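Fold and geometry: a report
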Amino acid sequence: MAISRRSVSASLSSPRLAVGLMLYLGLYAFAGTLVPQGGPSTPSVATWAASHRALEVVVSAIGFHQAYYGALFLLPMALLAASTVACAWKRTRLAWTRFGVLSAIRAGRPPSSPIRPSFEIDAPGLSAAESLDLAEHELGALGLRVRRSGDRLWRTSQPAFALASPLFHWSLVALMLVLPVGLLSRSDGLVGVPVGEAVQDAPASYGVLTAGPLHRWQQPPLSITVDRFEPSFVFGGLDRGPTPTVAIRSADGKVLASQRVYPNSPLRYGSVIVHPNDHGLAATFALLNPDGAELTRSTSLVDFDESAAAGTAPGEMTLSDSSGQPAVRVAVTIPLPRKDAQVVRLLPRSPVARLRVTATDGSLIGSETLRPDEAFRFADGTSLRLLGVNYYARLNVVDDWTVPLLYAALLLALGGVSAALLGGQHLLLLTATDCADGTKVAGVVRMWRGGAQSAEQIEAALRAGFGREREKGSEA
Amino acid sequence: MSEVVLMWAAVTLYTLGTILVVFGAVFKADRLLSAALWVSLAGLVPHGVAIGLRWVAVHHGPYLGFYEVVSSYAFASVVAFGILAWIRPQLRLLGVVIMPVAVLMLGGAMLTPKAPLGITPKLASYWLTIHVTFAKLSYSSFIAAFALALVFLVRERRAAAGIPSEGMLSRLPDQSVLDDLTYRFVAVGFVFLSVMIVAGAIWANEAWGRYWNWDPIETWSLISWVVYAGYLHTRLTLGWRGRRAARYAVLALPIMLFTLIGVPLAYHSIHGAYLTGVN
C-alpha cells in the first residue's frame, strides 16, 4: 500500500501523537533524573556505579548515564520535531484564513471566501436598523460590546492573535533546529591563564574541552590574557570573590574586549563568552643553557588542595631535551600557610616553589626549594630558574554563535504562546437584510478560542430577545 | 524578632481563615465564608510586612532558604484565593482547598531554621528576581486551577452518585464555568511558567555559559512544562473538557510543587543551594 504524503502529514500532525510524545518526554526526563548523568569519569557516576553494580550493568548497556544524548531520547524528540513541523504547517494555513476573515470584517470588506451563517433569525415587523438595535441591546446585556456599520454589527478579536499559535509552534521548530546546530558547533572548555601571559584560543590550550564537529576555530586564533588578578573585588556592596581582568586579543595583540570577569559578569566578544571558573597559582620558569642564555620558558599551574600538606597539589611540567624528547619531569608545589586549618588561598608575600625533579623513568634527580631568581642546576650545566610566582585564572570559554538565535526563538515562542493563550480568537457578525415581511438577521459566531460566552449562549440570547419582540408585536 | 511575631500573626490569621471557611462550607453560612475571606486577606498584611522587613534586613527578596521560599509560596496561595474570590464571590468556597495548603506551608516554614542565606556572587543578578517572580506567579495560577478542578470533581461525583447539589456547592458557578476558569488559570500559569524557564535558561547562560545542562531542577521544570502543555493540548486539540480535564489539572499540581520545593531536597543539584544553602 503506497504511503501518501497526505497520510504521513496527517499522522505527524495528529494531536494524539504529539500528546503521546510529550508524555514520553516527561516520563523519560523523569527517569533520567534517577541516575547520575555524565561520562564514566564523572565522580557522581563512578560513585553510583560502584554502589549499584547490578543496576549499572543495565544502565550502562542502554547508555542511560548519557540519557539525554542517546537514541532512546533523540529519536522520539526528532519525531516530536517532525510532528511540530506538521502541526505548525497545518495551523498556519488555518490561522492565515482566520486572519484574513477577521481583518476583512474589521475593515468592512466581505471576506474573500463566504462564511456560512451560524443561525438566521426572522424579525418580522422590524426594519434592518431596528433589528440591529435590538441585537446590540441583547449582546450588551451579555457584556459584549459590538461595533456597527451600515447593515452589519460585529465584534472580533485582534486578527494578529490568530497567527499566535503558528508563531509559537514555528518558534519551537526553530528551537529544535538551533539547539542541535548549537551543540554541534559550539566549543566549551576550561583554560588556565597565568597573570601576564597570553594563551591562544586553540584546542591545545585547553585542559578540558568539548568541541562539536562543526566548530570552526578562528584563524589566526584569538588570544586570551589575564592582565590583572584581584583576590577580592567588591562591587555593588558584594564581594565578587577572586576576580581576573581578562582580555581577548587579536593575533597581533590588539585588545578586542577587556573587563573584570566575575559571576554574572562574563566577558563577551562576538560569539565568545568567558566566565570565571576558579583560580590558583602559577610558577614561571626559564630553562637556561650552561652559558646562562634562556632556552625556553614554562609555567606550571598549581592548584589549591586542602588535603595536601603544602596546601597545593603538584603542578606538573615536562622539560624536553635538544631533540624535543621529554627528558625530565618537574613537580612544583607552592607551600601555603593555613588559618583555622584552611589553606590561605592567597599569593604569599614571599612565595617559594618546591621542586621535585624526576627522570622519565621516575627516578629522582633532585629536589629543591627555590625563591624567585634562584635556579635548580642539572648535571649537564643547564639550570631551571624560577622567574616568579603569580596567580592564574581558570576560565570557562564558550564559543557558540547560535545563542542569539536561541534567544530570539525563545522570545518569539513566549510571545506566541502568550498571545495564543491569553488573546482570544472569536468572531461575531450580524447582518440584517430587509425582506418583504420584515428583516432576516443572519449571524456568524465563531468562538475559536476564548470569549466569555459560547456561541450557543449568544444565539440563545438573540433568539430570546427577538422572540420577546415578536410577542410584543403580536400582542399589539 | 518582630518579623517572627508578624509571621506567627499571619499563621494565626490564616488558620482562623481556614477554620471559618470550613465551618462556612459545612454549615452553609455565607457570613462565615465572607469572614474567612477577609481574615485570610488580612493575614497577607503581617505576612507581607514580615517579608518586607526581612527583605530590607538581608538585602534580597524571599528567594533563599526553605523558610523564605516556602513562606512566599504560602503568600502566593492566599493571593490566589483572593483573586478567585474577586473574580466570582461564589468562589470563596475554594478557600476550603487553598487555605489549608497555605497554613501548612507557612506553619511548616516557621518550624525550619530562619538564618538568612546571603546573596552569593553566583546569585547576584536581576535575572534572579525575574526568574523567581514568575515561579511564584505560575504556582499561584496553578493552585487556583487545582482548587477549581477539585471542586468540579467533587460536584461531579456527587451528581454521578445521585446526591442533589445543595448548600454551598450549589451556589458555585456552573460546572462549565468552573471548567472554563480552570483552563484559563492553567493557561495563565503556563505562560508564567514558560517565562520562568526562559529567564532561567538565559540566566544560566550568562552565569555558567550553558543555557541547559539537564540539572534535576531544570529537568523537572521541563517536566512540569510538558505536563501543563499536555493539559492545554488535550483541551484545545482533543477537546478534553469536564471530568478528564479536571482530573488532569488536579494531578498536575503535585508535579509542579515537587519541582518548586521538592527537587532541591531530593536531588543534589547546583540549583539546590537556593533552598538548602548547600551547593
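Residues numbered from 1 in each chain as written. Chains lettered and ligands numbered in written order. Predicted model: local features only at pLDDT ≥ 70, side-chain atom pairs only at ≥ 80, totals over all residues. Heavy atoms only, no water.

Section: the overall build of chain A
Applied cut-off: Only DSSP runs of H or I covering at least 4 residues are called helices, and only runs of E covering at least 2 are called strands; the numbering of each starts at the N terminus. For a compact globule the rule gives 2.2 Å times the number of residues to the power 0.38, and the radius of gyration it is set against comes from C-alpha atoms. Type-normalised accessible area, obtained with a 1.4 Å probe on protein chains alone, sets the label of each residue: buried when under 20%, exposed when over 50%, and partly exposed for intermediate values. Between two residues, a contact is recorded if the distance between any of their heavy atoms is within 4.5 Å. Computed with the Shrake-Rupley method and a 1.4 Å probe, the accessible areas treat only the protein chains shown as cover for residues. Within this scheme the basic residues Lys and Arg register as positive and the acidic residues Asp and Glu register as negative, but His and the chain ends are omitted. Here the site of a charge means atom NZ of a Lys, CZ of an Arg, CG of an Asp or CD of a Glu.
The helix and strand inventory of chain A stands at 9 helices and 24 strands. Compactness check: chain A gives a C-alpha radius of gyration of 37 Å against a globular reference of 23 Å for 476 residues, more than 25% above the reference. On the principal axes, the C-alpha backbone points of chain A span a range of 125 × 55 × 45 Å. The 476 residues of chain A split such that 46% are buried. Of the contacts formed within chain A by residues at least 6 apart in sequence, a portion of 59% connects residues at least 24 apart. Here chain A displays about 24500 Å² of accessible surface, and carbon together with sulfur accounts for 57% of that area. Each charge class in chain A was averaged separately, 43 positive and 38 negative side chains, and the resulting centres sit 5 Å apart.

Considering the environment of Asn289(A)
All names here are of chain A. Counting through the fold element by element, Asn289 comes out in the loop between β13 (272-288) and β14 (294-302). Considered as a pair, Asn289 and Pro404 are 115 residues apart in the sequence and their alpha carbons are 52 Å apart. Once residues lying within four places of it in the same chain are set aside, the contact partners of Asn289 are Leu295, Gly381 and Thr382.

Digging into the interface of chain B and chain A
By convention, interface size is frequently given as the accessible area that disappears when the constituent parts associate. We apply this condition: Using a 1.4 Å probe, buried area is obtained as the accessible area two parts lose upon being combined, added over both of them. Definition used for salt bridges: Asp or Glu carboxyl oxygen within 4 Å of a side-chain nitrogen of Lys or Arg. A 3.5 Å cut-off defines polar contacts: any pair of N or O atoms within that distance qualifies, except that in protein one atom must be a possible hydrogen donor and the other a possible acceptor, and neighbouring residues in sequence count only when both atoms are side-chain atoms. Three classes are used, and their members are as follows: Ala, Val, Leu, Ile, Met, Phe, Trp, Tyr, Cys and Pro are nonpolar, Asp, Glu, Lys and Arg are charged, and the others, Gly among them, are polar.
Contacts between chain B and chain A engage 41 residues on the former and 45 residues on the latter. Per-residue buried area on chain B facing chain A is highest for Glu206(B), Tyr211(B) and Trp214(B); these three make up 19% of the total on that side. Taken together, chain B and chain A are joined by 2 salt bridges. For the salt bridge of Glu206(B) with Arg268(A), the shortest nitrogen-to-oxygen distance reads 2.2 Å. Along the contact surface separating chain B from chain A lie 10 residue pairs in polar contact (both at pLDDT 80 or more). Elements that contribute at least two residues to the side of chain B that touches chain A include exactly α7 (175-208) and α8 (216-236) of chain B. For the side of chain B that touches chain A, the leading source of residues is α7(B), giving 15 residues. For the side of chain B that touches chain A, the class distribution of residues is 27 nonpolar, 10 polar and 4 charged.

Re the sheet that holds strand β15 (residues 315-320) of chain A
Residue and element names in this part refer to chain A. This is how the line gets drawn: A pair of strands is treated as paired once DSSP finds two or more bridges between them. Inter-axis angles, ranging from 0 to 180 degrees, are taken between N-to-C directions of lines fitted to C-alpha atoms, where helices are fitted over the stretch in contact.
Taken in spatial order, the 4 strands of this open sheet run β15-β16-β19-β20, and their pairing is antiparallel. The sheet is open, and its two borders are formed by β15 and β20 (364-370), each paired with just one other strand. Along the sheet, successive strands turn relative to each other by an average axial angle of 20°, direction set aside.

A few points about the sheet that holds strand β23 (residues 425-435) of chain A
Pairing between the strands of a sheet is mediated by backbone hydrogen bonds and can be parallel or antiparallel. Residue and element names in this part refer to chain A. One open sheet accounts for 5 strands, arranged β1-β24-β23-β3-β2; its pairing is antiparallel. At either margin of the open sheet sits one strand with a lone partner, and together these are β1 (119-124) and β2 (147-149). For this sheet, the mean inter-axis angle between neighbouring strands, taken without regard to orientation, is 20°. Summarising the sheet, β23 and strand β24 (residues 438-449) pair through 11 bridges and their orientation is antiparallel. Across the sheet, the residue bridging to His426 is Met447, located in β24. Of the strands in this sheet, β1, β23 and β24 touch helix α9 (residues 455-475), which is tilted by about 15° from β1.

As for the packing of helix α6 (residues 128-141) of chain A against α9(A)
Residue and element names in this part refer to chain A. The cut-off we apply is this: Roughly parallel here means an angle under 35 degrees, roughly antiparallel means over 145, roughly perpendicular means 65 to 115, and every remaining angle is called oblique. Crossing handedness is defined as follows: a turn of the near helix away from the far one that is anticlockwise and smaller than a right angle gives a left-handed crossing, while the clockwise case is right-handed.
Interaxial distance between α6 and α9 falls to 9 Å at its minimum, and their mutual angle equals 130°. By the criterion of interaxial angle, the relationship of α6 to α9 is oblique. Considering how the two elements wind past one another, α6 and α9 form a crossing that is right-handed. Side by side, α6 and α9 meet where Ser131, Leu134, Ala135, Glu138 and Leu139 of the first sit next to Ile458, Ala461, Leu462, Gly465, Phe466, Arg468 and Glu469 of the second. Considered class by class, the residues forming the contact of α6 with α9 number 7 nonpolar, 2 polar and 3 charged.

As for the packing of aromatic side chains
Under the convention used in this document: Between the rings of Phe, Tyr and Trp (Trp by its six-membered ring), a pair exists once the centres lie within 6.5 Å; its type follows the angle of the planes, with under 30 degrees stacked, over 60 edge-to-face, and the other angles tilted. Our definition puts a charge over a ring when NZ of Lys or CZ of Arg is within 6 Å of the ring centre and also within 35 degrees of the ring normal.
Counting across every chain of the model gives 25 aromatic pairs over all chains. Here the aromatic rings of Phe142(B) and Tyr228(B) are separated by 3.6 Å at their centres, their planes lie at 10°, and the arrangement is stacked. With a gap of 86 residues between them, Phe142(B) in helix α5 (residues 126-160) and Tyr228(B) in helix α8 connect regions that are remote in the sequence. The two residues Phe142(B) and Tyr228(B) agree in class, both being buried. Chaining the aromatic ring pairs together yields one cluster made of Tyr24(A), Tyr28(A), Phe64(A), Tyr68(A), Phe73(A), Trp212(B) and Trp214(B). The ring of Tyr67(B) has Lys114(B) lying over it, and the distance from NZ or CZ to the ring centre is 5.5 Å. Over the face of the ring belonging to Tyr73(B) we find Lys136(B), whose NZ or CZ atom lies 4.2 Å from the ring centre.

Here's the deal with the pattern of salt bridges
Within the structure shown, the criterion is met by 25 salt bridges over all chains. Ionic contacts of the salt-bridge type, sharing partners, join the residues Arg186(A), Asp188(A), Asp400(A) and Arg210(B) into one network.

Section: the environment of His268(B)
Residues and elements named next belong to chain B. For His268, the position within the fold is in the loop between α9 (242-266) and α10 (273-276). With relative accessibility at 67%, the residue His268 sits in the exposed group. Each C-alpha atom of the pair His268 and Asp215 lies 9.2 Å from the other, and the pair is 53 residues apart in sequence.

Describing the side chain of Gln425(A)
Residue and element names in this part refer to chain A. Here Gln425 is to be found in strand β23. Separated by 2.9 Å, the side chains of Gln425 and Arg98 make a polar contact. Filtering out sequence-adjacent residues up to four positions away, Gln425 remains in contact with Arg98, Ser157, Phe161, Ala162, Arg446, Met447, Trp448 and Arg449.

Some points on α5(B)
Residue and element names in this part refer to chain B. Spelled out, the test is: Expected span of a helix: the number of residues minus one, times 1.5 Å.
Taking 1.5 Å per residue, 35 residues should reach 51 Å; α5 reaches 51 Å between its end C-alpha atoms and fits that length. Its side-chain oxygen placed 3.1 Å from the backbone nitrogen of Trp127, Ser125 serves as the N-cap of α5. Gly162 occupies a position one or two residues after α5 and carries a positive phi of about 80°.

Here we look at the pairing of strand β7 (residues 223-230) of chain A
Residue and element names in this part refer to chain A. Most of β7 is tucked away: 6 of the 8 residues are buried. By the bridge criterion, 7 bridges tie β7 to strand β10 (residues 243-249) in an arrangement that is antiparallel. The residue bridging Arg228 from the neighbouring strand is Thr245, located in β10.

Some thoughts on unusual backbone geometry
A cis amide bond links Gln219(A) to the next residue, Pro220(A), at an omega of -10°. Locating Pro220(A) in the fold gives a position in the loop between β6 (208-211) and β7. The backbone of Lys28(B) sits at a positive phi, close to 55°, despite the residue not being glycine. Along the polypeptide, Lys28(B) turns up in the loop between α1 (2-26) and α2 (30-58).

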